[in-house]
Amino acid sequence: MSPDLPRDDATSPATTSGTPEGSALDRRAADLVQRLLAVGIDGLGPFDGAAEVAAAAREHHPSAESAIHAVQRQHTRLVAGNGFVTGLGGLLTLPVALPANVFGFHVLAVRAVAAMAELRGYDTSRPEVRSAILLTLVGADATDVLKAAGLPTGGRLTGRLTGLLTSRVPAPVLMLVNKGVGFRIIARFGTQGLLRLPQRALPVVGGAVGAGVDTVMFRRIAKAAEHALPPRAAQTP
């Protein structure tokens, strides 16, 4: 299920546009986010989409907030398992395991955040909501992504994402936002691959490192998403 991600550091959109390398990177970034949205939000085969995950959590928990915490716990376990399994093989499996780990991690993160959005009353079929979900993956870099797309960047990041959730944004602008997220995930893949190389070269040790790092990253994304996705009833028009 993992895409053919590049194994080198991605450069920024500003330095690659208009070049063959930039066009190839554009395509890879766009393809990556399309796959993340298609699999993470809509689901694929036995992999349930965000709406199904949200509905299952809602059945077993009395409030939306308790259901959200259940989704977070569920996906923390899944993210840790993904990081552990893809880190087990050692140096021989590294070229395959790293792309699988990166894609698997971000698919699970997208699904968890999208399920949280569903539980708080957002329609995850709306393009603006899907772009806001993607932005939660890149943390503070979301400001640069919004700026590059020509969207407002004043105030706190939470307010900017909330504004995106409740606005009507032209499709070309949302494409720029999504592509910007894709660029940063690809760049993160190259950086993290280099940082994890010594540990991942050792079987079992690499699995433990992968599980630990991915768990910390996921919890950071989930906590940011809680603030960026206020309940619809609590929003001011």
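Quick caveat, the model's predicted, so the values are computed rather than measured.

What counts and how
Residues numbered from 1 in each chain as written. Predicted model: local features only at pLDDT ≥ 70, side-chain atom pairs only at ≥ 80, totals over all residues. Heavy atoms only, no water. Helix = DSSP H or I, 4+ residues; strand = E, 2+ residues; numbered from the N terminus. Buried < 20%, exposed > 50% of the residue type's maximum accessible area, 1.4 Å probe, protein only. Contact = heavy atoms within 4.5 Å. Areas by Shrake-Rupley, 256 points an atom, 1.4 Å probe, with all protein chains shown as cover. Salt bridge = Lys/Arg side-chain N within 4 Å of Asp/Glu carboxyl O. Polar contact = N/O pair within 3.5 Å; in protein donor to acceptor, adjacent residues only side chain to side chain. Core = buried A, V, L, I, M, F, W, Y, C linked by side-chain atoms within 4.5 Å. Arc of directions from axis to C-beta. pLDDT = per-residue confidence, 0-100.

Right, let's talk about the overall build of the protein for a bit. Summing up its helical and strand segments, the protein has 10 helices and zero strands in all. Along the protein, helices and strands appear, N-terminal first, in the series α-α-α-α-α-α-α-α-α-α. Counting across all 237 residues of the protein, residues that qualify as buried make up 48%. Long-range contacts, defined here as pairs at least 24 residues apart, represent 77% of the contacts in the protein between residues at least 6 apart. For the protein, the exposed area adds up to about 11,200 Å²; of that, 62% sits on carbon and sulfur atoms.

Here we come to the pattern of salt bridges. Where charged atoms from two side chains of opposite charge approach closely, those side chains can pair. Counted under the stated rule, the structure contains five salt bridges. Notably, a salt bridge pairs Asp31 with Arg35, separated by 3.0 Å at the nearest N-O pair. Here Arg35 and Asp31 lie together in helix 2 (residues 20-40), a separation of four residues that amounts to about one turn. Relative accessible area serves as the criterion here: at 30%, Asp31 is assigned to the partly exposed category. The salt bridge involving Glu226 is made with Lys223; its shortest N-O contact spans 3.5 Å. Separated by three residues within a single helix, Glu226 and Lys223 lie in helix 10 (residues 205-228), roughly one turn from each other. Given a relative accessible area of 15%, Glu226 falls into the buried group.

What follows is about the side chain of Thr136. By the element assignment, Thr136 lies in the loop between helix 6 (127-135) and helix 7 (142-148). Side-chain polar atoms of Thr136 contact the backbone oxygen of Ile133, separated by 2.6 Å. Not counting residues within four places of it along the chain, the set of residues in contact with Thr136 comprises Val113, Leu161, Ile221 and Ala225.

Side chains that are nonpolar tend, in soluble globular proteins, to be buried together. Ranked by internal contacts, the top residues of the largest apolar core, which has 62 residues, are Leu36, Ile133, Leu135 and Leu137. By residue number, the principal contributor to this core is helix 5 (residues 94-119), which donates 14 residues. The residues touching Ile133, leaving out its near neighbours within four places in the chain, are Ile41, Val110, Val113, Ala114, Ala117 and Thr124.

Right, let's get into the side chain of His75. Relative to the elements of secondary structure, His75 occurs in helix 4 (residues 64-87). Ignoring any residue separated from it by four or fewer positions in sequence, one finds His75 in contact with Val53, Leu108, Arg111, Ala112 and Phe218.

Bringing helix 3 (residues 50-60) into the picture now. Those residues of helix 3 that fall on the buried side of the exposure criterion are Ala50, Val53, Ala54 and Ala57. Across the axial projection of helix 3, the buried residues extend over an arc of 95°, all falling on one side.

With that settled, the discussion passes to helix 6. Of all nine residues that make up helix 6, eight are buried, and the element is covered over most of its length. Every buried residue of helix 6 is listed here: Glu128, Val129, Arg130, Ser131, Ala132, Ile133, Leu134 and Leu135.

With that settled, consider the confidence of the model for the protein. On average, the protein scores 79 in pLDDT, and the residues at 70 or more come to 74%. Within the protein, helix 1 (residues 13-16) has the poorest average pLDDT of any element, 46, and helix 3 the best, 96. Below pLDDT 50 for its whole length, residues 91-96 participates in seven contacts with residues either more than four positions away or in separate chains. This model gives residues 193-199 a pLDDT under 50, and the stretch forms 12 contacts once residues within four places in sequence are excluded.

Let us now look at the environment of Lys179. Examined against the element boundaries, Lys179 turns out to sit in helix 9 (residues 171-200). Spatially, the C-alpha atoms of Lys179 and Arg28 are 9.0 Å apart, while their sequence positions differ by 151 residues. Not counting chain neighbours up to four residues away, the residues in contact with Lys179 comprise Asp26, Ala29 and Ala30.

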